[in-house]
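# Structural overview for review
Below, each chain spelled out in residue letters.
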Amino acid sequence: MLESLAFIIGTTLMYSTPLIFTALGGVISENSGVINIGLEGMMTMGAFVGATVAYFTGNPWLAFLAAGLAAALLALLHAVASVTYSANQVVSGIAINFLGPGIALFLSRMFFDGATMTKPIPLGGTMPRPFHNLFIWLSENLSGTAGRMFESNSVIDLIFDQDATVFIALISVFAVWFVLYKTKIGLRIRAVGEHPKSADTLGINVTKIRYFCVMASGMFAGFGGAALSIAIVANFRQTLVSGHGFIALAAMIFGKWKPQGAMWACMLFGAANALVVFFGRAASPIQISQQLLSMLPYILTLIVLTGIVGRANAPKALGVPYEKDSN
Amino acid sequence: MKLFNETKSKIIGLFLKENLKFTLISIFIGFLIGSITLAVAGFNPFRAYAIMFSGVFGRLNYIAWVIIRSTPLILTGLSIAFAFKTGLFNIGAEGQFIIGALVAALAGYFIQLPAILHIPVVILLAASAAALWGGIAGYLKAKFGVHEVIATIMLNWIALYLTNFVVTLEAVQRPARPVSHNIQPTASLMFFQQWKVTEEGRAWLLDNFLAREILRTPFNAGILFAVILAVVVWYILKHTTLGYELKAVGLNKHAAEYAGINVQKNIVRAMLISGALAGMAGAFHVLGNTQRVAILAAMEGFGFNGIAVALIGGSTAIGVVFSALLFGALQYGGTKIQLALGAPTEVINIMIGTIVFFIAIPRLIKILLAKFSKKRGEDNA
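Cut-offs applied
Residues numbered from 1 in each chain as written. Chains lettered and ligands numbered in written order. Predicted model: local features only at pLDDT ≥ 70, side-chain atom pairs only at ≥ 80, totals over all residues. Helix = DSSP H or I, 4+ residues; strand = E, 2+ residues; numbered from the N terminus. Rg over C-alpha atoms; globule rule 2.2 N^0.38 Å. Buried ≥ 20, exposed ≤ 12 C-beta atoms within 10 Å, placed from the backbone. Contact = placed C-beta atoms within 7 Å. Domains from an automatic or database assignment. Nonpolar A, V, L, I, M, F, W, Y, C, P; charged D, E, K, R; others polar. Axes fitted to C-alpha atoms, helices over the stretch in contact; angles between N-to-C directions. Parallel < 35°, antiparallel > 145°, perpendicular 65-115°, else oblique. Left-handed = near helix turned anticlockwise from the far one by under 90°. Expected span 1.5 Å × (residues − 1).

Moving on, we come to the overall build of chain A. A tally of helices and strands in chain A yields 14 helices and 0 strands. Ordered by position from N to C terminus, the α and β elements of chain A give α-α-α-α-α-α-α-α-α-α-α-α-α-α. Rg of the C-alpha trace for chain A: 21 Å, near the compact-globule value of 20 Å for 327 residues, within the 12% margin. Along the longest, intermediate and shortest principal axes, the C-alpha atoms of chain A span 70 × 50 × 40 Å. Each of the 327 residues in chain A was classed as buried or not, and the buried ones make up 54%. Counting contacts in chain A only where the partners sit at least 6 residues apart, residues at least 24 apart contribute 77% of the total.

Structure follows, in structure tokens:
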């Protein structure tokens, strides 16, 4: 029983990680007042670059950073359009959602002999599990109950023996929360998102802040993509991201544009995924239709949203381009 | 007064032309970026475009394929454009398409009726179901203030899993295949579907090259319905009170409310109609082309592509028809360069992304145009 619960918690953490990164990206961009519907495209870009760099270099950390960088570059386009040229931010984001997968699959075909799937990352090239060896060592060297506590498929092992990305994601949630609510730059970001004109009057560079936030948003979405392609699986393929970016977007709105709120919403989606895996196992105690179970978090989200009435939560200047002269 | 009206229509005409100009320039830039991408990757862009061109217009059956591919895009494009007019962003056309396709496949298989009744009944059921699906998002927005983007994203996934659930039911699934049973021939919109495989039909087609070319494909009546619906949408928006109210809500919610228009009601109405249009896209896709629905591993993208179609079409009914045809042609032609040159077909996505990107920033195009004309002016001087 306890092991079952641990399995579900562990799997939840695993599946929610890519969403958490990407939703954090959404939180940063939208708090500065720029809608980022292009998360899906940026995530796809990150997933491809991550898998490709990991395949060629065998270094997961380099791959992870490259994924963030590539997606941030894609986000730069969104920033140029929506900050400098006062674009319709939704339209620009939609463009990113065509460009991201387009570029990723184009390059995939170039690098991998016409395949829309990258080759599997070699052993050691995927995200390491920081506690994996420690748990093995402990289970072998501690005697009796203490040793058994760290055995494979024990409660501790099931929950904490995770890819490094899982821990990085959780730390990132805290970091983004800290920056947004406890630092000067965070205050500036939120000021720009709420009332850019006042912020400008106070000498805050609205353009600079928004550029920074949109690119940071892309970086996090890229991390999210890499968390899929180099941690959960070990390659990139056409259907890998399909929709994760949009779910992250929804989770961010569900979480009321706050990092911790977005995290919980992502975990809800992750938990549903975990339940599908859990009940899908041969050893499952009850047989529930996987399809019906998969629907659950989406239905739940709709129900919860009708309850909280999230009207007033969006940053006030969200989606409104800031123009110094005319305002 | 007459002068005023004349000026007004002139300004509107100019504005339309201006919009069209920006769209055409965006499309041009899309092709430009596409050729640069191909050239950088080591392919001859002129050859690629030549192959695409002959791959689209070279044979009658190619053109038929483009039309078949464009049909659902016209309707999802209309669906999204219609919601845009009311200020709603219907990201849920994808899910409404899925529901429409599912209901069409079920009603097409289970109901037994003569074709003259069967087809309208199936379309009506599919459109109604999808209208309700879209209406849920409208209702949630009107009643609880739930953002339609998040509601429709959720509804897309629910629709996907619902389809997968229903298709795997014993009564629905074709034994040992990940698809539903084929619809009854009475529900099919495919032209001469039965006749073209009979001996008599084959013999006739052997002598008639043009007909043979077209009927090799699942060419179907969907395109006629799609164009008729485009006209209907244009008429509703332009010439009815309903259209006027919807547009008023889209332009300024508060002003509309002040003028006595029920904003909530119109949000729901817009989503119902938008959903019905996307649902019919799914229905025609099944009745005309696939004849069944399959288990979905991922979203198929008809709804998402419809967003680009609506944007490139300037959210007007006529614009959507042309942009869907362009989209369908690019997609179909793109597969040809993969086969002939080994050039990634995804260059099409890059082109479409570029087009939409530049449509988002008319201001940049204006600046570019101004610079361009200034330079020319200097050259002349």
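According to the domain assignment, chain A consists of domain 1 (12-126 + 164-306) and domain 2 (129-162). Placing the centre of domain 1 of chain A and that of domain 2 of chain A at their C-alpha centroids yields a distance of 31 Å.

Bringing the domain arrangement of chain B into the picture now. All names here are of chain B. For chain B, the domain assignment lists domain 1 (1-41 + 344-381) and domain 2 (66-342). Computed from C-alpha atoms alone, the centre-to-centre distance between domain 1 and domain 2 is 29 Å. Contact with domain 1, which involves 11 residues of that partner, is made by 11 residues of domain 2. Looking at the side of domain 1 that touches domain 2, the elements with two or more residues in it are α1 (2-40) and α15 (347-360). Top contributing element to the side of domain 1 that touches domain 2 by residue count: α15, with 7 residues. By residue class, the composition of the side of domain 1 that touches domain 2 is 8 nonpolar, 3 polar and no charged.

This paragraph deals with the interface of chain A and chain B. At the junction of the two partners, chain A supplies 42 residues and chain B supplies 39 residues. Broken down by secondary-structure element, the contributors of at least two residues to the side of chain A that touches chain B are α3 (60-84), α4 (89-111), α12 (244-254) and α14 (290-308) of chain A. Considering each element in turn, the side of chain A that touches chain B owes the most residues, 14 residues, to α4 of chain A. In terms of residue class, the side of chain A that touches chain B is built from 27 nonpolar, 13 polar and 2 charged.

This paragraph deals with the packing of α3 of chain A against helix α11 (residues 206-232) of chain A. Think of two packed helices as two axes; the pair is described by the angle between the axes and how far apart they sit. Residues and elements named next belong to chain A. The N-to-C vectors of α3 and α11 enclose an angle of 140°; their axes lie 6 Å apart at closest approach. Viewed along their axes, α3 and α11 adopt a mutual orientation that is oblique. For the pair α3 and α11, the sense of crossing is right-handed. Looking at the contact of α3 with α11, its residues break down into 20 nonpolar, 7 polar and 1 charged.

Between its first and last C-alpha, α11 of chain A extends 38 Å over 27 residues, near the 39 Å set by a 1.5 Å rise per residue. Burial within α11 of chain A is extensive, with 23 of its 27 residues counted as buried.

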